[in-house]
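What the coordinates show
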Amino acid sequence: MSASASEQPLIPQPSASIGLLRDAVAQIAPAALPAFARELIQATDQARRGPDLLPLRRFTAQWAVYVHIQRYPGTAARFRELEDLAVAADTVEETRSAVAELGRILDAAHAAVAREAP
């Protein structure tokens, strides 16, 4: 994680259940609740039409990573800054650098969520 060692999470990482993730999003990133609800409906519809629950597993994994990043205000702010930079960069090198750092933050969050999974 690119957060400083002294940065403490706002909340504990919830398990990857839809209800607990929704509660976490409501607490630390309430503006993301409409996207959470919209994506949950899409994942549920896809799972209902398909042979398995993979869309719901993908949904919970994605939102667990989102919550993990948002729990750390400094990391969350840096992530948003890098997203903006990747879109508005003046050079290809700046874009690549921003995307690479975004990738490192995401990789670290995926690894942390995987370690915390039961």
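Notes on the structure in this doc start here.

Cut-offs and rules
- Residues numbered from 1 in each chain as written.
- Predicted model: local features only at pLDDT ≥ 70, side-chain atom pairs only at ≥ 80, totals over all residues.
- Heavy atoms only, no water.
- 1 Å grid on protein atoms, 1.4 Å probe; cavity = no way out; pocket = protein on both sides within 12 Å on 5 of 7 lines; lining within 4 Å.
- Points joined across faces, edges and corners; volume = space filled by probe spheres on them.
- Helix = DSSP H or I, 4+ residues; strand = E, 2+ residues; numbered from the N terminus.
- Nonpolar A, V, L, I, M, F, W, Y, C, P; charged D, E, K, R; others polar.
- Phe/Tyr/Trp six-rings, centres within 6.5 Å; stacked < 30°, edge-to-face > 60°.
- Buried < 20%, exposed > 50% of the residue type's maximum accessible area, 1.4 Å probe, protein only.
- Core = buried A, V, L, I, M, F, W, Y, C linked by side-chain atoms within 4.5 Å.
- Contact = heavy atoms within 4.5 Å.

So, about the layout of surface pockets. For the largest pocket, the calculated volume is near 190 Å³. Taken together, Gln62, Val65, Tyr66, Ile69, Gln70, Phe79, Arg80, Glu83, Leu106 and His110 make up the full set of residues lining the largest pocket. Considering every element that reaches the lining of the largest pocket, the biggest residue donor is helix H3 (residues 54-70), with five residues. Taken together, the residues of the lining of the largest pocket sort by class into five nonpolar, three polar and two charged.

Applying the stated criterion across every chain, the model contains four aromatic pairs. Arranged with centres 6.3 Å apart and planes meeting at 45 degrees, the rings of Phe59 and Trp63 form a pair that is tilted. Residue Phe59 and its partner Trp63 are both found in helix H3; the two are separated by four residues, about one turn of the helix. Each member of the pair, Phe59 as well as Trp63, is classed as buried.

Within the element layout of this structure, Asp107 appears in helix H5 (residues 92-116). Linking Asp107 and Val65, residues 42 residues apart in sequence, is a C-alpha distance of 9.4 Å.

Below, the discussion takes up the nonpolar core. Leu21, Val25, Phe36, Trp63, Val67 and Ile69 are the most contacted members of the largest nonpolar core, which totals 26 residues. At the level of elements, helix H1 (18-28), helix H2 (33-49), H3, helix H4 (73-88) and H5 are the ones that each hand at least two residues to this core. Ranked by residues supplied to this core, first place goes to H3 with seven residues. With residues near it in sequence (within four places) discarded, Ile69 still touches Thr75, Ala76, Phe79, Ile105, Leu106 and Ala109.

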